[in-house]
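Letter by letter, the chains look like this.
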Amino acid sequence: KSAKDPWVWGPLIGAAVFQIDDWDRRTSDWAREQTPVFGSQSNADQWSDDLRNASAVANYITVLATPSGTDAGDWIVNKAKGALVGIAANSAPVAVTNGLKDATQRERPNGKSNESLPSGHTSSSAVHTRLASLNLRSIDMDDGWRIAADTGLAALTLGTAWARIEAGYHYPSDTL
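Let us look at the structure shown here. (Residues numbered from 1 in each chain as written. Predicted model: local features only at pLDDT ≥ 70, side-chain atom pairs only at ≥ 80, totals over all residues. Heavy atoms only, no water.)

### Focus: the nonpolar core
Here comes step 1: Grouped together as the largest cluster of nonpolar side chains are 12 residues: Phe-38, Ala-44, Leu-51, Ala-58, Ala-132, Leu-136, Ile-139, Leu-153, Leu-156, Ala-163, Ala-167 and Tyr-169.
Here comes step 2: Contributing elements (two or more residues each) for this core: α3 (41-65), α5 (120-136) and α6 (143-166).
Here comes step 3: In this structure Tyr-169 touches Asp-45, Arg-108, Pro-109, Asn-110, Lys-112, Ser-116 and Arg-164, once residues within four positions along its chain are discounted. (Core = buried A, V, L, I, M, F, W, Y, C linked by side-chain atoms within 4.5 Å. Buried < 20%, exposed > 50% of the residue type's maximum accessible area, 1.4 Å probe, protein only. Helix = DSSP H or I, 4+ residues; strand = E, 2+ residues; numbered from the N terminus. Contact = heavy atoms within 4.5 Å.)

### Let's talk about the packing of helix α2 (residues 23-34) against α6
Here comes step 1: For the pair α2 and α6, the least separation of the axes is 8 Å and the interaxial angle reads 85 degrees. Between α2 and α6, the crossing angle belongs to the class labelled roughly perpendicular. Residue-level contacts link Thr-27, Ser-28, Trp-30, Ala-31 and Arg-32 of α2 to Trp-162, Ile-165 and Glu-166 of α6.
Here comes step 2: When grouped by side-chain class, the residues that make up the contact of α2 with α6 number 4 nonpolar, 2 polar and 2 charged. (Axes fitted to C-alpha atoms, helices over the stretch in contact; angles between N-to-C directions. Parallel < 35°, antiparallel > 145°, perpendicular 65-115°, else oblique. Nonpolar A, V, L, I, M, F, W, Y, C, P; charged D, E, K, R; others polar.)

### Observations regarding the layout of surface pockets
Here comes step 1: What the largest pocket holds in volume is close to 1200 Å³.
Here comes step 2: Secondary structure elements with two or more residues in the lining of the largest pocket: α1 (6-17), α4 (72-104), α5, α6 and α7 (172-175).
Here comes step 3: With 9 residues, the single largest contributor to the lining of the largest pocket is α5.
Here comes step 4: Taken together, the residues that form the lining of the largest pocket break down as 24 nonpolar, 9 polar and 4 charged. (1 Å grid on protein atoms, 1.4 Å probe; cavity = no way out; pocket = protein on both sides within 12 Å on 5 of 7 lines; lining within 4 Å. Points joined across faces, edges and corners; volume = space filled by probe spheres on them.)

### Considerations on the environment of Ser-55
Here comes step 1: Topologically, Ser-55 is positioned in helix α3.
Here comes step 2: For Ser-55, a relative accessible area of 0% translates into the label buried.
Here comes step 3: Residues Ser-55 and Ala-154 lie 99 residues apart in sequence; the distance between their C-alpha atoms is 9.4 Å.
Here comes step 4: Beyond its immediate chain neighbours, meaning those up to four positions away, Ser-55 contacts Ser-125, His-128, Thr-129 and Leu-156.
Here comes step 5: Here Leu-51 takes part through its backbone oxygen, which lies 3.0 Å from a polar atom of the side chain of Ser-55. (Polar contact = N/O pair within 3.5 Å; in protein donor to acceptor, adjacent residues only side chain to side chain.)

Set out below in structure tokens:
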């Protein structure tokens, strides 16, 4: 399923494209110098934390909003299961991300460490927003609202990724 999922192969293709003609470094340098979205590297740093945290909140809100039965006991058990799925789903990428950081030792654009690849903030946001999007499928709502919610969830992850670039912690390919 993952091989067919555009949320898997799309970022991989994007990361490869950023390797052409040093576009990765040039984009990172431009974002750090111009800070076009967040206005400063420190604002971008703060926004990256806030957007990542909002992604987690969105996920757990959708866990609470999914149908889980009418019996109070079943409801509580099902909600706990949903929360545990989110915790487990986020734990695996954290372990992989930390392992890849150790293995690649890629220097951050700001030179502060060798932990640039991959972006832990972005991977955490992506997991939470993807789970929230999947939860939305089981919630009875108008298709227009579902599309709007999915768009907002994607914006949380994209915003987290861009904030990490603008703050100087990652190259675009690291976030992809």
